[in-house]
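# Reading the structure
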Amino acid sequence: MKRIATIQDFSCVGKCSLTVALPIISAMGIECCGIPTAVLSNHTGFPSFYSHDLTEDIPRICEQLSTHKITFDAISTGYIASISQMSLIGEFIREFRGENTLVFIDPVMGDYGRLYSQITEQYAEKMRGLCAHADIIAPNLTEAYMLLGRPYRDNPDSGELHDMLKGLSELGAKNVVITGILRGGKIGCAAFDGKDFCEVYRKRQDVFCSGTGDIFSSVLLSAILRDKCFERALEIAVEFTAEAARLTAADPDRPFYGVNFEQAIPYLIRLLES
Ligand code: PXL
């Protein structure tokens, strides 16, 4: 069985980061080792939250995993609570990256044209440095503009998307995906593998969905590790995220803070087998 180390926060409530990565990666038949960067009561989209930073614990966790000679088929990162954590995560990648280890960076910084609290230009600069170590990066549109140092626009056309994907690939990653792109009544992603461009869209739901980027990234990376080609893995990730959003929109009792991805897990397993 393959093994992923995923480095991101544990938000007790909020259906994001580790509480999304652990069930999805496990359901896709991959061992998931969650390395928490912080413990939050709930994600930062609530009016208030408690956050306990785990920066000092990262080197200690790293040391023990190294002692036990643990290896990983992939290392992924999501929300990172502080700039100082980024250097430690860079060290984790250097320590545990084997010849065939895939490094997947989701540069979580914002959404819908707005940055999350505590995200600054200095943070974005450090994130550009981290992306240079990646094989795959998957920013959403807001994060893509931030990484490129360009002002945010709602609706870039395919020409601008191609230009952005090329610009992002110059940061260092071979495969680049931009998520959260709207096309009429559809939503999806655009990607570049160093040679070809592709775009994948599915029906968009009229609900505000926090955590969809974390869901997309977990599915995309796991599908690649399950030997799907890049384009098929993108299709599976868009399809599953769209299905989770559809089930969320259909649930009158849905929580405001996240997506009903749990109800779509049987569908994910069928998608993987198709
Ligand atoms: O879904 C991204 C995310 C992850 N982790 C935390 C967040 C957010 C988005 O708000 O607050 C703690």
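Parameters and conventions
Residues numbered from 1 in each chain as written. Predicted model: local features only at pLDDT ≥ 70, side-chain atom pairs only at ≥ 80, totals over all residues. Heavy atoms only, no water. Helix = DSSP H or I, 4+ residues; strand = E, 2+ residues; numbered from the N terminus. Near = heavy atom within 4 Å. Polar contact = N/O pair within 3.5 Å; in protein donor to acceptor, adjacent residues only side chain to side chain. Areas by Shrake-Rupley, 256 points an atom, 1.4 Å probe, with all protein chains shown as cover. Nonpolar A, V, L, I, M, F, W, Y, C, P; charged D, E, K, R; others polar. Core = buried A, V, L, I, M, F, W, Y, C linked by side-chain atoms within 4.5 Å. Buried < 20%, exposed > 50% of the residue type's maximum accessible area, 1.4 Å probe, protein only. Contact = heavy atoms within 4.5 Å.

### Thoughts on unusual backbone geometry
Unlike most non-glycine residues, tyrosine 112 shows phi in positive territory, near 50°. Tracing the backbone shows tyrosine 112 in the loop between strand S6 (110-111) and strand S7 (114-115). One non-glycine residue, aspartate 227, adopts positive backbone phi at about 70°. Here aspartate 227 is to be found in the loop between helix H7 (212-225) and helix H8 (230-249).

### Focus: the site of the ligand
All residues adjacent to the ligand are Asp9, Ser11, Cys16, Ser17, Leu40, His43, Thr44, Tyr79, Val108, Tyr116 and Asp214. Note that a nitrogen atom of the ligand is positioned 2.8 Å from one of the side-chain N or O atoms of aspartate 9. Between the ligand and the protein, one listed contact pairs an oxygen atom with a side-chain N or O atom of threonine 44 at 2.6 Å. The fraction of the free accessible surface of the ligand (310 Å²) that becomes covered by protein chains is 97%. Per-class residue counts for the shell around the ligand are five nonpolar, four polar and two charged.

### Digging into the nonpolar core
Membership of the largest hydrophobic core comes to 44 residues, with the highest contact counts inside it found for Ile24, Val177, Val219, Leu220, Leu234 and Phe240. Of all the elements in the fold, those that place two or more residues in this core are helix H1 (18-27), strand S10 (186-192), strand S11 (197-203), H7, H8 and helix H9 (265-273). Sequence-distant contacts of leucine 220, that is, excluding residues within four places in its chain, are made with Phe104, Val177, Ala233, Leu234 and Ala237. One finds Tyr123, Met127, Met164 and Leu165 within the second-largest nonpolar core, a separate group that totals 40 residues.

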